[in-house]
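# Per-entry structural report
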Amino acid sequence: MKTNIFLLVLIVFIISLIITFNVFFQQSYQSEMAEQFNRQQLLIAKSIAKNIEDEMLDLEDDALSFARLLADRGLDSRNMEEFVNNAFSEIREDIHVNVKILDNAGRLRYSSASEQLSSGDRAVFASAVKMLPGEVQYLDMLSTDKKIVMTTAIGRYQAAKGIIIIDILVDAINKKFLAPVRSGIRGHAWMMDKNGTLLFH
């Protein structure tokens, strides 16, 4: 009788031990899988961020080259649309940008979207008018206008002839870099600004 009780207790103990180990290994496996998933998501996020950064650097190089060519050409409106389209043809195929050209008096000499100067453009001009050729300035207007504004001075050396304003629409960036990203069946990429405001989902 005592032997039977001992065997029963031993069997219950062994079964309990097996269940305990099974739960432990399952939790450990789930934790490891979650950590691996998080690492994969971080790699994807870093890769997308690097691609966006490279795109912005390409646009910056194009803007600086265009500013030098425009300084030599002058700001008269003759064939300006063709001149701008040729300069930004590759970038504009990838992401949509609006280009505005202003002279030193703040007069609009060209707009790729045929827009008039807005109050925001005048504020951008006021902050960029003292820039020297070769300098690039970025303004974060994501929270108000869902865009980033790049400005650079028109010129080759010390004297600037005006400024170029390039509106980079965040929706265009999202469409190219984030919309194609999928994680599983329902996972999508999100973009937030530095304040944690959701810009894309």
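Residues numbered from 1 in each chain as written. Predicted model: local features only at pLDDT ≥ 70, side-chain atom pairs only at ≥ 80, totals over all residues. Heavy atoms only, no water.

## Concerning the overall build of the protein chain
Convention followed: To qualify as a helix, a DSSP run of H or I must reach at least 4 residues; to qualify as a strand, a run of E must reach at least 2; elements of each kind are numbered from the N terminus. Two residues qualify as a contact provided that any one of their heavy atoms is within 4.5 Å of a heavy atom in the partner residue.
A count of helical and extended segments in the protein chain gives six helices and nine strands. Pairs at least 24 apart in sequence give 48% of the contacts found in the protein chain among residues at least 6 apart.

## Description of the packing of aromatic side chains
We count it as follows: Aromatic pairing here means that ring centres of Phe, Tyr or Trp (its six-membered ring) are within 6.5 Å. Orientation follows from the plane angle: under 30 degrees is stacked, over 60 is edge-to-face, and everything else is tilted. Remark: exposure states derive from per-residue accessible area (1.4 Å probe, protein chains only) relative to the maximum for the residue type, with buried under 20%, exposed over 50%, and partly exposed in between. As a reminder, the over-ring test applies to NZ of lysine and CZ of arginine, requiring each to be within 6 Å of the ring centre and within 35 degrees of the ring normal.
Under the defined criterion, the tally for this structure stands at one aromatic pair. Measuring from ring centre to ring centre gives 5.4 Å for F66 and F83, while their planes differ by 40 degrees; the resulting arrangement is tilted. Highlighted residues: F66 in helix α1 (residues 2-73) and F83 in helix α2 (residues 80-87), separated in sequence by 17 residues. Taking relative accessible area as the criterion, F83 reaches 22% and is therefore assigned partly exposed. Here the basic side chain of R73 rests over the ring of F83, its NZ or CZ set 5.1 Å away from the ring centre.

## A short note on the sheet that holds strand β5 (residues 162-169)
Quick reminder of the rule: At least two DSSP bridges between two strands are required for those strands to pair. Every angle, taken between N-to-C directions, lies between 0 and 180 degrees, and every axis is a line fitted to C-alpha atoms, over only the stretch in contact when it is a helix.
Spatial strand order, β2-β1-β5-β4-β3: five strands in an open sheet with antiparallel pairing. Strand pairing shows two members of the sheet lacking a second neighbour, β2 (108-111) and β3 (136-141), which therefore form its edges. Here the strands of the sheet are splayed against their neighbours by 20 degrees on average, with no regard to which way each runs. Across six bridges, β3 lies against strand β4 (residues 147-154) in antiparallel orientation. Looking at β4, one finds that V136 is bridged to T152. Packing against the sheet, helix α6 (residues 170-178) makes contact with β4 and β5, and its axis sits at approximately 50 degrees to β5.

## What to know about the pattern of salt bridges
Threshold: Put simply, a salt bridge is a Lys or Arg side-chain nitrogen that is within 4 Å of an Asp or Glu carboxyl oxygen.
Overall, the coordinates contain six salt bridges when judged by the stated rule. In this structure, the salt-bridge partner of K100 is D121, at a minimum N-O distance of 2.4 Å. One end of the pair, K100, is in strand β1 (residues 97-103); the other, D121, is in helix α4 (residues 119-128), with 21 residues separating them in the sequence. Overall, the relative accessible area of 3% leaves K100 in the buried class. You can call D121 buried: its relative accessible area is 2%. One network of salt bridges, with partners in common, ties together K100, E115 and D121.

## Considerations on the nonpolar core
Worth spelling out the cut-off: Residues belong to a common nonpolar core when they are buried Ala, Val, Leu, Ile, Met, Phe, Trp, Tyr or Cys residues joined through side-chain atoms within 4.5 Å.
Residues L70, V84, V99, I101, I164, I166 and I168 are the most contacted members of the largest nonpolar core, which totals 27 residues. At the level of elements, α1, α2, β1, β4, β5 and α6 are the ones that each hand at least two residues to this core. Ignoring anything within four residues of it in the chain, the contact list for I164 reads A63, F66, A67, L70, V99, K100, M150, T151, T152 and I154. Counting residues in each nonpolar core, the second largest holds 11 residues, with L102, L117, F125 and M131 among its members.

## Let's talk about the environment of A172
For A172, the location among the structural elements is in helix α6. For A172, a relative accessible area of 16% corresponds to the buried category. On a C-alpha basis, the gap between A172 and H96 in space is 5.9 Å, while along the polypeptide they are 76 residues apart. Excluding anything up to four places from it in sequence, A172 contacts I95 and H96.

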